[in-house]
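Chain by chain, the residues:
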Amino acid sequence: MLALHTSDWHLGRGLHGHDLLPAQAAFVDHLVEVVRAESVDVVLISGDVHDRAIPPVRALELFDEALSRLRDAGTRVVAISGNHDAARRLGDKSGLLDPRIRIRTDPAAVGVPVVVEDADGPVRIYAIPYLEPATANTLLPGPDPGGPDPGGGRDPAGATSFSQAATMRRAMRAVRVDLDGHPGARSVVLAHAWITGGAGSDSERDISVGGVGNVPSSLFDGITYTALGHLHRPQVITPAVRYSGSPMAFSFSEAADRKTSLLVDIGRDGIRAVRGVAVPTERRMAVLRGTLNELLTAARFAAHEGDFVSAVLTDPVRPGDAMATLQRRFPHALRLAHEPPAGAGDDRSFGERTRGRTDLEIATAFVAHVRDDPSPRERALLTDALDAARIAEEAA
């Protein structure tokens with residue numbers, strides 16, 4: 001069986017105000033091409049299909065289109081909900097879909113596999129959606145969480161508190177109950193969780209509970225392949241437990257990551273091979289550092305003129321209108337920070353630094369200091385607010 005593992009599409013998510021849906025649509029094109037070229041048997045989507053509980057209509061349409069095109073390309077799809085998805089919304093049409101499309105969002109069904117047949121027999125695919133410990137433990141199959149649970153369903157921190165690890169342990173117990181009835185069966189688990197040893201980035205939402213978010217990889221021992229979602233960097237936890245990573249970068253902390261999907265070849269006796277398939281990048285991300293003049297003139301930065309740019313200015317004093325100036329060379333600059341050299345700070349008092357400046361100049365300088373230069377619309381709003389305050393003060 002040849003499986004294509006992908007996760008964390010985050011359809012509808014932007015990047016510092018930049019619309020990523022065209023790039024996400026291009027990823028769907030790429031995914032369909034890989035399915036056709038490689039004759040993929042099943043596509044595994046390990047959660048966070050969307051970026052929010054109520055996604056934009058265009059994001060919903062893109063996912064519907066992706067499922068239809070993957071089906072028409074001759075493959076099956078098994079998808080789970082992630083912590084960004086609204087599970088009920090994502091799975092509301094699951095009973096009406098083509099039998100080749102399975103969207104699993106119900107914790108109660110974790111022990112019921114999707115069975116895919118190949119020349120070597122059946123592969124049992126267990127779909128474990130993101131499990132919120134506070135609610136999932138009332139829905140998972142198996143022993144009542146309020147009663148004895150020899151495997152450890154309850155978090156030692158408190159009688160009514162559950163950890164991610166304990167919750168996943170209960171889910172995997174349901175998986176193994178089914179597997180015990182099919183000795184020697186090949187198996188795949190989809191899960192959306194933070195597994196111990198995984199490295200995060202700046203773009204994942206924290207899913208820890210009481211500081212305990214990590215799930216030990218040993219819970220998946222004996223499973224032929226575990227397809228993980230949640231962390232955006234592709235990484236190997238064990239040879240059989242892997243994150244595919246997100247198909248595109250959602251923060252500049254991922255600028256150096258090589259985005260991939262994973263082709264997993266499962267033979268009669270287990271995994272034959274796992275191969276990364278590079279995801280085409282619409283626009284690279286780059287973090288550039290230097291004075292404003294260096295960024296605008298140095299030849300070494302020329303290769304990044306078409307990239308999404310996060311610029312770190314090292315000028316002793318932050319230049320005025322730095323973002324607008326920077327965008328003359330880097331039109332896709334999205335982020336700006338100011339880190340002056342040590343000892344180059346302005347030691348003058350606030351009164352000395354603002355003497356002779358208008359209220360609008362002070363307000364826009366503050367916005368630029370804490371974020372980046374205000375847009376023309378924001379500058380107009382600041383002007384209106386300051387005018388209203390002045391008029392109110394004069395009328396008092």
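It should be noted that the structure appears before, not after, this text.
Note that the structure is a prediction, hence the values are computed from the model and not measured. (Residues numbered from 1 in each chain as written. Predicted model: local features only at pLDDT ≥ 70, side-chain atom pairs only at ≥ 80, totals over all residues. Heavy atoms only, no water.)

Caption draft 1: Structural view of the overall build of the protein. Along the backbone of the protein there are ten helices and 19 strands. Sorting the 396 residues of the protein into buried and exposed places 48% on the buried side. The long-range fraction of contacts in the protein, counting pairs at least 24 apart against all pairs at least 6 apart in sequence, stands at 68%. Total accessible area on the protein stands at roughly 18500 Å², and carbon and sulfur atoms take up 53% of it. (Helix = DSSP H or I, 4+ residues; strand = E, 2+ residues; numbered from the N terminus. Buried < 20%, exposed > 50% of the residue type's maximum accessible area, 1.4 Å probe, protein only. Contact = heavy atoms within 4.5 Å. Areas by Shrake-Rupley, 256 points an atom, 1.4 Å probe, with all protein chains shown as cover.)

Caption draft 2: Spatial organisation of the sheet that holds strand β19 (residues 333–338). Here three strands make up an open sheet; going across it, the order is β17-β18-β19 and the pairing parallel. Pairing within the sheet leaves two strands with one partner each, and these edge strands are β17 (285–290) and β19. Along the sheet, successive strands turn relative to each other by an average axial angle of 15°, direction set aside. Here β17 runs beside strand β18 (residues 308–313); their pairing, made up of six bridges, is parallel. Across the sheet, residue G290 finds its bridge partner in β18, namely L313. (Pairing = 2+ DSSP bridges. Axes fitted to C-alpha atoms, helices over the stretch in contact; angles between N-to-C directions.)

Caption draft 3: Spotlight on the pairing of strand β5 (residues 76–80). Burial of β5 is extensive: four of the five residues sit out of reach of the surface. With five bridges connecting them, strand β4 (residues 42–46) and β5 associate as parallel partners. Among the inter-strand pairings, V43 is bridged to a residue of β5, identified as V77. Viewed along the sheet, the connection from β4 through helix α2 (residues 57–72) into β5 turns out right-handed. Pairing between β5 and strand β6 (residues 101–104): four bridges, direction parallel. If you follow V78 over to β6, its bridge partner there is R102. (Right-handed = clockwise from strand over helix to strand, strands pointing away.)

Caption draft 4: Region of interest: the nonpolar core. Membership of the largest hydrophobic core comes to 40 residues, with the highest contact counts inside it found for L4, W9, V43, I45 and F63. No other element matches helix α1 (residues 21–38), which puts eight residues into this core. Not counting residues within four places of it along the chain, the set of residues in contact with I45 comprises T6, W9, F63, V77, V78, A79, I80 and L190. Among the nonpolar cores identified, the runner-up in size contains 25 residues, and L179, L219, L228 and Y243 belong to it. (Core = buried A, V, L, I, M, F, W, Y, C linked by side-chain atoms within 4.5 Å.)

Caption draft 5: Quick look at unusual backbone geometry. Positive phi outside glycine occurs at H16, with the angle close to 50°. Checked against the element boundaries, H16 lands in the loop between β2 (14–15) and β3 (18–19). Residue H16 is classed as partly exposed on the basis of its relative accessible area, which comes to 48%. Positive phi is not limited to glycine here, since D48 has a value of about 55°. Mapped onto the elements of the fold, D48 is located in the loop between β4 and α2. Look at D48 and you get buried, because its relative accessible area is 1%.

Caption draft 6: Seen up close, the sheet that holds strand β15 (residues 260–267). In space, the six strands of this open sheet follow the order β6-β5-β4-β1-β15-β16, with mixed pairing throughout. Unpaired on one side and paired on the other, β6 and β16 (270–278) mark the two borders of the sheet. Neighbour-to-neighbour, the strand axes of the sheet open up by a mean angle of 20°, direction not taken into account. Together, β1 (2–6), β4, β15 and β16 form the strand contacts of α1, whose direction differs from that of β1 by roughly 165°. Running at roughly 140° to β6, α2 makes contact with β4, β5 and β6 of the sheet.

Caption draft 7: Quick look at the packing of aromatic side chains. Under the criterion given, the structure shown has two aromatic pairs. Relative to F27, the ring of W9 has its centre 5.5 Å away and its plane inclined at 80°; by these criteria the two rings are edge-to-face. Placement of W9 in the loop between β1 and β2 and of F27 in helix α1 is noted, with a sequence separation of 18 residues between them. On the basis of relative accessibility, which here comes to 4%, the residue F27 falls in the buried class. Measuring from centroid to centroid gives 6.1 Å for W9 and F63, while their planes differ by 80°, and the two rings are edge-to-face. (Phe/Tyr/Trp six-rings, centres within 6.5 Å; stacked < 30°, edge-to-face > 60°.)

Caption draft 8: Seen up close, the pattern of salt bridges. Overall, the coordinates contain 19 salt bridges when judged by the stated rule. Across the pair E305 and R329 runs a salt bridge, and its minimum N-O distance is 2.9 Å. Of this pair, E305 sits in the loop between α6 (292–297) and β18 while R329 sits in the loop between α7 (322–326) and β19, placing them 24 residues apart in sequence. Residue classification places E305 among the partly exposed positions, given a relative accessible area of 33%. Put simply, R379 and D321 hold a salt bridge, and the shortest N to O gap is 3.6 Å. (Salt bridge = Lys/Arg side-chain N within 4 Å of Asp/Glu carboxyl O.)

Geometric descriptors of this kind do not, in isolation, establish any biological role.
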